[in-house]
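Now for the letters of each chain:
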Amino acid sequence: MIDGFLALYIFMLAAFTGYEIIARVPVILHTPLMSGSNFVHGIVLVGAMIALGHAQTPFEMTVGFVGVLLGAGNAAGGYVVTERMLEMFKSSKADAGKGSK
Amino acid sequence: MNWLPTLIKACYFLAALLFILGLKRMSSPRTARGGVVWAGYGMLLAVLATFFLPGIHNVGLILAAVLIGVSAAWWTGKRVAMTAMPQMVALYNGMGGGAAAAIGAVELIGYVRELALLQPAGMPGGSPAVPATVPLSPVELALGVLGALIGAVSFSGSLIAFAKLQGWLDRRFVFPAQRAVNLLLLAAAVLLGVLLASGHACVPLIAAFFVLALLFGLMMTLPIGGADMPVVISLYNALTGLAVAFEGFVLGNEAMIIAGTVVGAAGTLLTQLMAKAMNRSIGNVLFGSFGAAGGEAQAIDGAQKPIEASDAAVMMAYAERVVIVPGYGMAVAQAQHKVWEFAQLLIKRGVKVKFAIHPVAGRMPGHMNVLLAEAGVPYDLIADMDDINPEFAVTDVALVIGANDVVNPLARTDPASPIYGMPILDVGDSRHVIVVKRGKGTGFAGIENALFYADNARMLYGDGQAAAGQLVNELKTLDD
């Protein structure tokens, strides 16, 4: 499907990208970022959909169904939780501006 | 009809780009909110595109699973209290790991089926009627097995972390030779994995492999104490990312490889940063001697001395400098708004008030900052541990609300203590310490706190919300 070395290059570059993104992040963003990256690996949903889409026996379909269920939970839950966390940063900024002056 | 696959590939590319840009934006407070929305669009695009992938069957089933999963997670995610966020992250992360393991399982089972079809035919040329999946190459097989292993460990481990933070599983679960048993479990799982990857796949072997992997995740997480959970969750987050990347390789999906790898690398670094903030190495957290350090804990002399809210309020009203140290107890009591109201009254009286945040206050680094931000506390009043610790010596009153382990001097003085070595806030250096606490119990790590018995410490018993309310009222009567 994908040439082995090409995949290796993708892997290497993506790893550096991830590392660079997180380096120099203030501590207050650690939790939201953990949650955000938790959401991003919700892309596993796509893989689970492909796996279920290729499943042929009832057994495979059952396992695939569970996979899609879990993946969907990861993606949706991760998004909601991250958004709610970051929501507070925004409202706090506005309130803090009013409160301190 | 050649444009459809290209269009889908383009969607995946765009999704990967949006994920990276979104994460980048999330790493700065100014742009963080937009970041998650960008990543959200990427996810939507990738999921929608997948429905149109050529050769996808069971669309009804997929749609049903997606709808059920999304609505259940959306509903719980919206309803859960902000204080419960850390365990929700653990839960959703575990689901991702489970999904990766399920992908691996489906691929392996399918591989066994195809193998059985191929063998009588002899040559691969006589391919089965539905060539939906090409038999996997050895590299794909190995990565698929590895991804499944990591995903399954992350799944069961994250669920244990969730149960612990939720309070369903309190305390640690320790037995003799635990490390040896865990190592044996892992070795057995890896051995079966190698067998699977080298082509000796059959369904019972696959089942045994998953049982062992799940069991290992379970056993590895059970002995880890609650105080170390943030690091563990972050580690499982990184592991799930890796598992997703490996399964992405098996499925030939670049978006999964990129997103998974980015999360794997970012999560690893984040785990290191968190562990460093707690002065612990990752190895120490996972296999370390949390609570197994041997020796009796130091006995603590003296008694806890109570104080009335009125006295505490007067003490702080006429103080010059007050440092408020919030902890998880304040979060549970939803007292952050009352505490900020109290702090504002103090500030109005000319008291210099600061909030001191331990790196792991709450249940995760930055969790307390989020909660204080929710209450409207301005950034410049919030101080990190390293900045505030020298200031305690010139502080009149340190008000500890619902924090326990992060202010426990035993971390500094008692080598037998499970939290020995963890940096703490030196509240004991201030002239007076007032501790708002619900009862006389121990903290999350289950350790007695020497601070509560110190000569300059007074205990204000009560729920954080109620105590802060009392303090506010007492201050107001002072002003009248």
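So, about the overall build of chain B. Helix and strand counts for chain B stand at 17 helices and 6 strands. In chain B, the proportion of contacts linking residues at least 24 apart, taken out of those at least 6 apart, comes to 78%. In the structure as shown, chain B presents an accessible area of about 19,300 Å², 65% of it carried by carbon and sulfur atoms.

Turning to helix H13 (residues 336–348) of chain B, a few remarks are in order. Residue and element names in this part refer to chain B. With 13 residues, H13 extends 18 Å from end C-alpha to end C-alpha; this agrees with the ideal 18 Å at 1.5 Å per step. Within H13 the residues assigned to the buried category are Gln336, Val339, Trp340, Phe342, Ala343, Leu345 and Leu346. After H13 finishes, the residue Gly350 shows a positive phi value of roughly 95°.

Our next topic: the nonpolar core. Counting residues in each nonpolar core, the largest one holds 171 residues, and the members touching the most others are Ile43(A), Met316(B) and Phe355(B). With 18 residues, the top contributor of residues to this core is helix H4 (residues 85–121) of chain B.

It is a general feature of regular strands that their side chains alternate between the two faces of the sheet. All names here are of chain B. Within strand S5 (residues 432–437), 5 of the 6 residues are buried, which leaves it mostly tucked inside the rest of the structure. Bridge count for strand S4 (residues 397–401) against S5 is 5 bridges, and the pairing is parallel. Of the residues in S5, the one forming a bridge with Leu399 is Ile434. Of the pairings in the sheet, the one linking S5 to strand S6 (residues 457–461) comprises 5 bridges and is parallel in character. For Val433, the partnering residue across the bridge sits in S6 and is Ala457.

Bringing the sheet that holds S6(B) into the picture now. Residue and element names in this part refer to chain B. The strand order across the open sheet built from 6 strands is S3-S2-S1-S4-S5-S6, with neighbouring strands paired in parallel fashion. Each edge of the open sheet carries a strand with a single partner, namely strand S3 (382–384) and S6. Averaged over all pairs of adjacent strands, the angle between strand axes in this sheet comes to 25°, irrespective of strand direction. Across the sheet, helix H11 (residues 309–317) touches strand S1 (321–326), S4, S5 and S6, and the angle it forms with S5 is around 140°. Of the strands in this sheet, S1, strand S2 (352–357) and S4 touch H13, which is tilted by about 145° from S2.

As a further point, take the environment of Met330(B). Residues and elements named next belong to chain B. Inspection of the secondary structure puts Met330 in helix H12 (residues 328–332). Judged by relative accessible area, Met330 falls into the buried class, the value being 0%. Taking the C-alpha atoms as reference, Met330 lies 25 Å from Ser417; in sequence the two are 87 residues apart. Not counting the four nearest positions on each side in its chain, Met330 is found in contact with Ala335, Gln336, Val339, Met368, Leu372, Ile401 and Gly402.

This next bit is on the confidence of the model for chain A. Residues and elements named next belong to chain A. When pLDDT is averaged along chain A, the result is 83, and 85% of the positions lie at 70 or above. Confidence, read as mean pLDDT per element, is least for helix H4 (residues 58–100) in chain A (79) and greatest for helix H3 (residues 44–54) (95). Within the model, the stretch residues 91–101 combines pLDDT values under 50 with 10 contacts to residues more than four positions away or in other chains.

Another aspect to go through is the side chain of Arg84(A). Examined against the element boundaries, Arg84(A) turns out to sit in helix H4. Those residues in contact with Arg84(A) that lie beyond four places of it in its chain are Gly77(B), Lys78(B), Arg79(B), Val80(B), Ala81(B), Met82(B) and Met85(B).

Per the stated rule, a full pass over the model turns up 6 aromatic pairs over all chains. Where Tyr79(A) meets Trp74(B), the ring centres are 6.1 Å apart and the plane angle is 20°; that geometry is what we call stacked. One end of the pair, Tyr79(A), is in helix H4; the other, Trp74(B), is in helix H3 (residues 59–79), on a second chain. Judged by its relative accessible area of 36%, Trp74(B) falls in the partly exposed class. Relative to Trp168(B), the ring of Phe162(B) has its centre 5.4 Å away and its plane inclined at 90°; by these criteria the two rings are edge-to-face. Owing to a relative accessible area of 61%, Trp168(B) belongs among the exposed residues under this scheme. Aromatic ring contacts, followed pair by pair, group Phe39(A), Tyr79(A) and Trp74(B) into a single cluster. Across the ring face of Trp38(B), the terminal group of Arg25(B) is positioned such that the distance to the ring centre comes to 4.5 Å. Note that Arg349(B) overlies the ring of Tyr318(B), its terminal NZ or CZ placed 5.2 Å from the centroid.

Okay, the pattern of salt bridges next. This structure, assessed with the given rule, holds 7 salt bridges over all chains. Residue Glu60(A) pairs with Arg113(B) through a salt bridge whose shortest N-O separation is 2.6 Å. Here Glu60(A) is found in helix H4, whereas its partner Arg113(B) is found in helix H4 on a different chain. The network of salt bridges with common partners includes Glu60(A), Arg113(B) and Glu114(B).

On the chain B side, the residues contacting the 81 residues of chain A number 107 residues. Here chain A and chain B share an interface that buries about 8,500 Å² over both sides, 79% of which is from carbon and sulfur atoms. If you sort the residues of chain A by the area they bury against chain B, Met34(A), Ile43(A) and Arg84(A) come out on top, with a joint share of 8%. At the junction of chain A with chain B, the criterion picks out 1 salt bridge. There are 15 residue pairs in polar contact (both at pLDDT 80 or more) connecting chain A and chain B. Looking at the side of chain A that touches chain B, the elements that each hand over two or more residues are helix H1 (4–22), helix H2 (30–40), H3 and H4 of chain A. The dominant element in the side of chain A that touches chain B, judged by the number of residues it contributes, is H4(A), at 35 residues.

Conventions we followed
Residues numbered from 1 in each chain as written. Chains lettered and ligands numbered in written order. Predicted model: local features only at pLDDT ≥ 70, side-chain atom pairs only at ≥ 80, totals over all residues. Heavy atoms only, no water. Helix = DSSP H or I, 4+ residues; strand = E, 2+ residues; numbered from the N terminus. Contact = heavy atoms within 4.5 Å. Areas by Shrake-Rupley, 256 points an atom, 1.4 Å probe, with all protein chains shown as cover. Expected span 1.5 Å × (residues − 1). Buried < 20%, exposed > 50% of the residue type's maximum accessible area, 1.4 Å probe, protein only. Core = buried A, V, L, I, M, F, W, Y, C linked by side-chain atoms within 4.5 Å. Pairing = 2+ DSSP bridges. Axes fitted to C-alpha atoms, helices over the stretch in contact; angles between N-to-C directions. pLDDT = per-residue confidence, 0-100. Phe/Tyr/Trp six-rings, centres within 6.5 Å; stacked < 30°, edge-to-face > 60°. Lys NZ or Arg CZ within 6 Å of the ring centre and 35° of its normal. Salt bridge = Lys/Arg side-chain N within 4 Å of Asp/Glu carboxyl O. Buried area = accessible area lost by both parts, 1.4 Å probe. Polar contact = N/O pair within 3.5 Å; in protein donor to acceptor, adjacent residues only side chain to side chain.

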